[in-house]
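# Descriptive structure summary
So you can see what is in the structure, the chains are spelled out below.
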Amino acid sequence: MADTAITVEGAEKTYGDKKALNGLGLTVARGTVHGVLGPNGAGKTTLVRILSTLLRPDAGRIEVAGHDVVREAYAVRLRIGLLGQHAALDEELGGRQNLELFGRLHHLGARRARARADELLERFGLADTGRKAVRQYSGGMRRRLDLAASLITEPEVLFLDEPTTGLDPRGRAEVWSSVRSLVDGGTTVLLTTQYLEEADQLADRISVVDAGRVIAEGTADELKAETGGDRIDVILRDAGQLGAAVALLPLTGISVDADRRLLSAPVTDRMEALSGVVRALREAGIEAEDVALRRPTLDEVFLHLTGDDHRVKEAA
Ligand SMILES: Nc1ncnc2c1ncn2[C@@H]1O[C@H](COP(=O)(O)OP(=O)(O)O)[C@@H](O)[C@H]1O
Ligand SMILES: [Mg+2]
């Protein structure tokens, strides 16, 4: 079997005069989680619909599990699972019944469907609530049941379109741990998200998409390094001294968060920046509550990559 589970080259899709995909390309290695990270309208759902054969691309070479999504759509369908933004669960049925029904719809025999339902309920921590009607489930439980349903057919490749949008932090954490257990089972996962933290937590590699194309690709660490590496954060005791500190600190590209009495700036030489900041503050008699070096967050990476970092004010 090939090492590549998903290949997308030059994918294009236009709705009317709106270009949803504009030459998008990515490669996903078998058995890995690939994050497609981008804001609303970036083209994530369009990509997932094309990969799962629900929508035809206008152009591009797109292969999933070794088959072309246009010419061999049926072969692709046999090998994939899809968790969309809206799931098709029967609210009145219990979790176990829903899964059995899904199994029967996918032509599993009655006994096999029941066994698979039990296996999946167990795997996603839903064994105790299998009898409860789905309308009584929490958001996180519901999404885990969706996930279980998408795995009934033991897909080689699973697509998750914003799997935690709308969930509270607890539900999100539950879904994250379920996705991790999937990968342990060998499934290749392509997951779309607007949450930088989610991609950071789950994805082996990340494609950052904007306006229908990939604007950056790599591991979370590589993407963070690409924005210029480390940052220094300085928290002052007195917010009234922020302006003075910006003027005298030996840093460029300083951003200011007045509510948190925080100054933040990219640094090239960590130790030089740290000692320079401490010395400058001491000489000016400005008291700092904390001075710390850190890696950038993915939020900063994304703002930087999309050229949308107008929140960063250059020091005068
Ligand atoms: N059926 C459609 N008809 C017209 N425009 C659409 C349709 N579906 C999506 N779009 C547009 O295509 C772009 C990409 O949409 P989508 O793939 O849903 O992005 P995302 O999932 O990243 O939010 C958006 O500008 C959206 O408004
Ligand atoms: Mg979407």
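That block above? That's the structure.
Notes on the structure in this doc start here.

### Here we look at the overall build of the chain
Broken down by element type, the chain carries 11 helices and 14 strands. The burial tally for the chain puts 46% of its 316 residues in the buried class. Across the chain, contacts joining residues at least 24 apart in sequence account for 67% of those joining residues at least 6 apart. Per element, the accessible surface of the chain, about 15,600 Å² overall, is 47% carbon and sulfur. Taking the average location of the 41 positive side-chain charges in the chain and that of its 49 negative ones, the two points are 6 Å from each other.

### Structural notes on the nonpolar core
Looking at soluble globular proteins, one finds that nonpolar side chains tend to be buried together. Judged by nonpolar contacts, the single largest core of 44 residues is most densely connected at Leu-99, Phe-124, Leu-145, Leu-160 and Ile-206. Counting 25 residues, the second-largest nonpolar core is a separate cluster that includes Ile-6, Leu-55, Ala-65 and Val-157.

### Describing the pattern of salt bridges
Side chains carrying opposite charge are able to pair once their charged atoms draw close together. Summed over all chains, the structure comprises 25 salt bridges. The salt bridge partner of Asp-68 is Arg-71, with a shortest N-O separation of 3.3 Å. Notably, a salt bridge pairs Asp-230 with Arg-270, separated by 2.7 Å at the nearest N-O pair. Residue Asp-230 is found in the loop between α8 (220-226) and β11 (231-236), and its partner Arg-270 is found in helix α10 (residues 270-284); the two are separated by 40 residues along the sequence.

### Things to note about the side chain of Lys-44
With respect to the secondary-structure elements, Lys-44 resides in helix α1 (residues 44-51). Within the local environment of Lys-44, its side chain forms a polar contact with the backbone oxygen of Gly-38, the two atoms lying 3.0 Å apart. A polar contact of 2.8 Å, which involves the side chain of Lys-44, links it to the backbone oxygen of Pro-39. Not counting residues within four places of it along the chain, the set of residues in contact with Lys-44 comprises Val-36, Gly-38, Pro-39, Glu-162, Thr-192, Thr-193, Gln-194 and Val-209.

Each value, and the rule that gives it
- Residues numbered from 1 in each chain as written.
- Chains lettered and ligands numbered in written order.
- Predicted model: local features only at pLDDT ≥ 70, side-chain atom pairs only at ≥ 80, totals over all residues.
- Heavy atoms only, no water.
- Helix = DSSP H or I, 4+ residues; strand = E, 2+ residues; numbered from the N terminus.
- Buried < 20%, exposed > 50% of the residue type's maximum accessible area, 1.4 Å probe, protein only.
- Contact = heavy atoms within 4.5 Å.
- Areas by Shrake-Rupley, 256 points an atom, 1.4 Å probe, with all protein chains shown as cover.
- Lys, Arg positive; Asp, Glu negative; His and termini not counted.
- Charge placed at Lys NZ, Arg CZ, Asp CG, Glu CD.
- Core = buried A, V, L, I, M, F, W, Y, C linked by side-chain atoms within 4.5 Å.
- Salt bridge = Lys/Arg side-chain N within 4 Å of Asp/Glu carboxyl O.
- Polar contact = N/O pair within 3.5 Å; in protein donor to acceptor, adjacent residues only side chain to side chain.

In short, the description is geometric, and any link to function would need to be established separately.
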